[in-house]
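Chain and residue survey
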Amino acid sequence: MKLRFLLACVAVAMVAGCGAAKWSATGGSKSDGTVDVSYERNMMTPYPEDEAVALEIAIKRCQAWGYKSAEAFGGETMKRAGEANNLITRTYQCLD
């Protein structure tokens, strides 16, 4: 009985974590021409869709601010977002 309960709990946890992480714009500065694009992930969450999606989000935000395009600016930063989650952020530079 305990084994079935344990297996059921593991199955529920796996299903809950099956959706891939999603990129979203989480900050930035119009005057500095930077856009922060992030995803939240834990050990059970697959990595987000293609990195081209993050670039597309950044380009759209930059274009809304009057810039023409964007490119990755530096690496990624990671910080805790709750007990088991991490927020991974990539900064993009808007280009004229």
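Treat the numbers as computed from the prediction; the structure is a model and nothing was measured.

Side note on the overall build of the chain
- Of regular secondary structure, the chain possesses 2 helices and 4 strands.
- Going residue by residue from the N terminus, the α and β elements of the chain occur as α-β-β-α-β-β.
- By residue count, 25% of the 96 residues in the chain fall in the buried class.
- The long-range fraction of contacts in the chain, counting pairs at least 24 apart against all pairs at least 6 apart in sequence, stands at 60%.
- When the accessible surface of the chain is split by element, carbon and sulfur atoms take 59% of a total near 6600 Å².

Some thoughts on the sheet that holds strand β2 (residues 34-41)
- Read from one edge of the open sheet, 4 strands run β1-β2-β4-β3, paired in antiparallel fashion. Whereas interior strands pair on both sides, the edge strands pair on one side only; in this sheet they are β1 (24-29) and β3 (69-80). When strand polarity is set aside, the average angle formed by the axes of neighbouring strands in this sheet is 25°.
- As paired strands, β2 and strand β4 (residues 86-95) are joined by 8 bridges and run antiparallel to one another. Bridging from a neighbouring strand, Asp36 pairs with Thr91 of β4.
- In the packing of helix α2 (residues 51-64) onto the sheet, contacts are made with β1, β2, β3 and β4, and the angle to β3 comes to roughly 115°.

Things to note about the side chain of Ser38
- By the secondary structure assignment, Ser38 is in strand β2.
- Within polar-contact distance, the side chain of Ser38 engages the side chain of Thr89 at 2.7 Å.
- Aside from chain neighbours lying at most four places away, what touches Ser38 is Lys22, Trp23, Ser24, Thr26, Leu87, Ile88 and Thr89.

Things to note about the side chain of Thr89
- Mapped onto the secondary structure, Thr89 falls in strand β4.
- For Thr89, a relative accessible area of 13% puts it in the buried group.
- Non-local contacts of Thr89, meaning those with residues more than four positions away in its chain, are made with Thr26, Asp36, Val37, Ser38, Gly75, Glu76 and Thr77.

Digging into the nonpolar core
- Core analysis: the biggest nonpolar cluster contains 13 residues, and Val35, Val37, Ala58, Cys62 and Tyr92 have the highest contact counts within it.
- Put simply, the parts of the chain that give this core at least two residues each are β2, α2 and β4.
- Each residue touching Val37, except ones within four places of it in the same chain, is listed here: Trp23, Ser24, Ala25, Thr26, Ala54, Ile57, Ala58, Ile88, Thr89, Arg90 and Tyr92.

Rules of the game
Residue numbers run consecutively from 1 along every chain, following the written order of its sequence. With the structure being a predicted model, the display of local features is reserved for residues of pLDDT at least 70 and the display and counting of side-chain atom pairs for 80 or more, all residues being used for whole-chain, interface and lining totals. As a convention, hydrogens and water are excluded, and side-chain values are obtained from all of the structure's heavy atoms. By the criteria applied, helices consist of DSSP H or I runs no shorter than four residues and strands consist of E runs no shorter than two, each listed in order from the N terminus. The cut-offs for exposure are 20% and 50% of the maximum accessible area for each residue type, with area from a 1.4 Å probe on protein chains only; residues under the lower value are buried, those over the upper are exposed, and the others partly exposed. We call two residues contacting when some pair of their heavy atoms lies within 4.5 Å. Accessible surface area values rest on a Shrake-Rupley calculation with a 1.4 Å probe, where residue burial reflects the displayed protein chains alone. Criterion used throughout: strands pair if DSSP finds at least two bridges between them. The axes used here are C-alpha line fits, helices contributing only the stretch in contact, and every angle between their N-to-C directions lies in the interval 0 to 180 degrees. Side-chain atoms alone can form a polar contact between residues adjacent in sequence; in general such a contact is a pair of N or O atoms within 3.5 Å, and within protein one must be able to donate a hydrogen while the other accepts it. Throughout, nonpolar core names a set of buried Ala, Val, Leu, Ile, Met, Phe, Trp, Tyr and Cys residues whose side chains join them through atoms within 4.5 Å.

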